[in-house]
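Coordinates in review
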Amino acid sequence: MNIKQYPYFDNNATTEIDPQILEVLNEYQTYYYANPSSTSHPAGMVCNALYQQHIQKIADLLNVSEKELIITSSATESINTAIKGIYFQYHQKKNHILSCKTEHSAVLNTLEYLQNNFNAEITLLDVDKNAQINLDELEKNIKENTLMVCLMMANNETGVIHPVDEIYKITQKHKVFFFCDATQALGKMIIKDIPADIFCGSAHKFYGPKGIGFLVVKNLGRKVFLLPLLHGGNQQEYRSGTLPLPLIAALSNALELAVTQSQGIISKIKTLRDIFEENLMNVCAVKIHGWEVNRICNTSNVQFQDIHKEIVLKLMKKFCFSRASACSDGSGKPSHVLTAMGLSKNEVDLSFRFSFSKFNTEQEIKQFLTELTREIKNLHT
Ligand code: PLP
């Protein structure tokens, strides 16, 4: 079965790979299969040179030094490496970590693990009805023993953006690390520098392949040490394992597209999202979570009215969109993000996430709206 037959509005879960990136991946899998660490022979040397080039390119695109970059398998691995690595290195002096109730489960569950097993003190900030944190509250909660603040750049369920510039200033003032999960922001916001000491991303969220991500740990004038999660051949200082050159080449090219083409892509996707939201409001009564505040260009978290829920669930068989984050979808648990925003269980149950990509068309959106309109008319006749 070809899943392309279903209009795909679930791009915060993962994106389709860009054909240009797939070409790079295939080329490297076919021609550059040698291990970049095997520099005793010519094939290894060629692959090592290509590896160095791509690492340099990724670092340049992120505006960091290549020594600050760690290639990982995913944002989940980057998050675990960053939070556990820093905690295990520094917890004897400082064991308090500040985060927020709407973070991704990769952050929340890592924090919970440290709390339950390694005596970490965790504070999760509340958010308001628009998923925003209160910066005074953040500052008030930084204490003597605070090691790190972990806050994402953009939320995967609502698209709401955290004021990371201000957050970074606060953490710098109090000399605590700021780890920023930028997974949903890359390619969906114009970003020159990510204002954080430590940050991460994942290629499959910006039209790259699944299975490759990165972590940046900035050298803050005094090296930040991590305890590595993976021990082995020390191919990278903090992360062992054979370097997956084809995936690294694909990541560097996908990141280049995400960074250099972001202006045009962002405005195209935002236009599609606006068409969707404006027309949807004419079709039926909806509430769009985070509508009043700064959101990334592609995300629309929509709460339908009670009477429309069955229709929306029916449309879910023909169009791809999700109930909450893909990770909690199907778990039966109500979204922790929407719950933190103060929604009742019933309101969460009526909320659905639509997340668009550069591959979506206006026609697909119109098709969804036409079917929704038809189903609603049927309901009333
Ligand atoms: N952080 C955020 C904000 C995400 O949206 C996701 C994936 O949905 C992750 C982390 C985990 O990313 P990965 O699939 O690369 O592990």
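It should be noted that the structure appears before, not after, this text.
Criteria and cut-off values
Residues numbered from 1 in each chain as written. Predicted model: local features only at pLDDT ≥ 70, side-chain atom pairs only at ≥ 80, totals over all residues. Heavy atoms only, no water. Helix = DSSP H or I, 4+ residues; strand = E, 2+ residues; numbered from the N terminus. Expected span 1.5 Å × (residues − 1). Buried < 20%, exposed > 50% of the residue type's maximum accessible area, 1.4 Å probe, protein only. Contact = heavy atoms within 4.5 Å. Arc of directions from axis to C-beta. Polar contact = N/O pair within 3.5 Å; in protein donor to acceptor, adjacent residues only side chain to side chain. Near = heavy atom within 4 Å. Areas by Shrake-Rupley, 256 points an atom, 1.4 Å probe, with all protein chains shown as cover. Nonpolar A, V, L, I, M, F, W, Y, C, P; charged D, E, K, R; others polar. Salt bridge = Lys/Arg side-chain N within 4 Å of Asp/Glu carboxyl O.

1. Some points on helix H8 (residues 262-283)
- For H8, built from 22 residues, the straight-helix expectation of 32 Å at 1.5 Å per residue is met to within 8% by its first-to-last C-alpha distance of 31 Å.
- Looking only at H8, the buried set comprises Ser262, Ile265, Ile266, Ile269, Leu272, Arg273, Ile275, Phe276, Glu277 and Leu280.
- Packing partners of the buried residues in H8 comprise helix H7 (245-260), strand S8 (286-289), strand S9 (299-304), strand S10 (351-355) and helix H12 (362-380).

2. A few points about helix H1 (residues 19-31)
- Look at H1: 18 Å from first C-alpha to last across 13 residues, which is about the 18 Å you get at 1.5 Å a residue.
- Among all positions of H1, only Ile21, Val24, Leu25 and Tyr28 are buried. Relative to the axis of H1, the buried residues are bounded by an arc of 100° and lie together on one face. With respect to the buried face of H1, the exposed residues turned more than 90 degrees away are Pro19, Glu23 and Tyr31.
- Each element contacted by the buried residues of H1 is listed here: helix H2 (42-62) and H7.
- If you check the start of H1, you find a side-chain oxygen 2.9 Å away from the backbone N of Gln20, and it comes from Asp18.

3. Things to note about the environment of Ile79
- Relative to the helices and strands, Ile79 is located in helix H3 (residues 75-90).
- Here Ile79 is in contact with Lys84, Ala106, Val107, Thr110, Phe179, Asp181 and Cys200, once residues within four sequence places are set aside.

4. Section: the site of the ligand
- Taken together, 13 residues lie around the ligand, and Thr76, Asp181, Gln184, Ser202 and Lys205 are the ones closest in.
- Within the side chain of His104, a nitrogen or oxygen atom sits 3.4 Å from an oxygen atom of the ligand.
- For the ligand, whose unbound accessible area comes to 400 Å², protein coverage reaches 89%.
- Take the shell around the ligand: its biggest share by element is 3 residues, from H3.
- Here the shell around the ligand is built from residues that sort into 3 nonpolar, 8 polar and 2 charged.

5. Let's talk about the pattern of salt bridges
- Within this structure, the stated rule accounts for 19 salt bridges.
- For Glu277, the salt bridge identified is with Arg295, shortest N-O distance 2.9 Å. Pair noted here: Glu277 is in helix H8 and Arg295 is in the loop between S8 and S9, with a separation of 18 residues, a long-range link. When sorted by exposure, Glu277 lands in the same class as Arg295, which is buried.
- Three or more residues joined by partner-sharing salt bridges are found here, namely Lys270, Arg273 and Asp274.

Honestly, that's just the spatial picture; any functional story needs more than this.
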